[in-house]
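Read off the chains here:
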Amino acid sequence: MIFGFTEQEIAHFFLTYGVGAFILFMVFIILQLARESKAGRFGTFVIFLGLGVGFIGYLAKIVIQWWMER
C-alpha cells in the first residue's frame, strides 16, 4: 500500500487519467507543430491524422470497453 491505496487502485487511476492527460499534452504538441510549420488547415488535418491515429485507437478502446461492460 502506498498512501493508503493499493497497487490496483493506483494503476487504474493513472491508466484512466494519466493517459488522458498525456493524450491532451500530445494534442498540444501536434498543434504547436502544425502552427510552427505553417501547415494550414489541410496540413494540420494531415498532421493530426498521421500522428493522432494512435490515441484515437486508445480512446476507441475505452469506449468499446465501456460499451461491453454496460
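Check the entry above for the structure.
Predicted model only: the values in this text are computed from it and were never measured.

**Student:** Could you give me a rundown of the overall build of the protein, with the residues and numbers involved?
**Tutor:** Along the protein, the regular secondary structure elements total 2 helices and 0 strands. Relative to a compact globule of 70 residues, whose C-alpha radius of gyration would be 11 Å, the protein shows 16 Å and is clearly more extended. With respect to the principal axes defined by its C-alpha atoms, the protein has extents near 50 × 30 × 10 Å. A burial count over the protein gives 10% of its 70 residues as buried. A total accessible area of about 6,200 Å² is found for the protein, and carbon and sulfur atoms account for 73% of it.

**Student:** Give a detailed account of the nonpolar core, specifying residues and quantitative values.
**Tutor:** Ranked by size, the top nonpolar core spans 5 residues in total: Ile23, Ile30, Ala34, Ile47 and Phe55. Of all elements in the fold, only helix H1 (7–36) and helix H2 (40–69) reach the threshold of two or more residues within this core. The biggest single contributor to this core is H1, with 3 residues. In this structure Ile30 touches Ile47, Phe48, Leu51, Gly52 and Phe55, once residues within four positions along its chain are discounted.

**Student:** A description of the layout of surface pockets should follow, citing residues and the corresponding values.
**Tutor:** The space that makes up the largest pocket amounts to roughly 180 Å³. Looking at the largest pocket, the residues that line it are His12, Leu15, Thr16, Tyr58, Lys61, Ile62 and Gln65. Mapped onto the lining of the largest pocket, the elements with two or more residues apiece are H1 and H2. A total of 4 residues in the lining of the largest pocket trace back to one element, the largest contributor, which is H2. Residues that form the lining of the largest pocket fall into these classes: 3 nonpolar, 3 polar and 1 charged.

Cut-offs applied
Residues numbered from 1 in each chain as written. Predicted model: local features only at pLDDT ≥ 70, side-chain atom pairs only at ≥ 80, totals over all residues. Heavy atoms only, no water. Helix = DSSP H or I, 4+ residues; strand = E, 2+ residues; numbered from the N terminus. Rg over C-alpha atoms; globule rule 2.2 N^0.38 Å. Buried < 20%, exposed > 50% of the residue type's maximum accessible area, 1.4 Å probe, protein only. Areas by Shrake-Rupley, 256 points an atom, 1.4 Å probe, with all protein chains shown as cover. Core = buried A, V, L, I, M, F, W, Y, C linked by side-chain atoms within 4.5 Å. Contact = heavy atoms within 4.5 Å. 1 Å grid on protein atoms, 1.4 Å probe; cavity = no way out; pocket = protein on both sides within 12 Å on 5 of 7 lines; lining within 4 Å. Points joined across faces, edges and corners; volume = space filled by probe spheres on them. Nonpolar A, V, L, I, M, F, W, Y, C, P; charged D, E, K, R; others polar.

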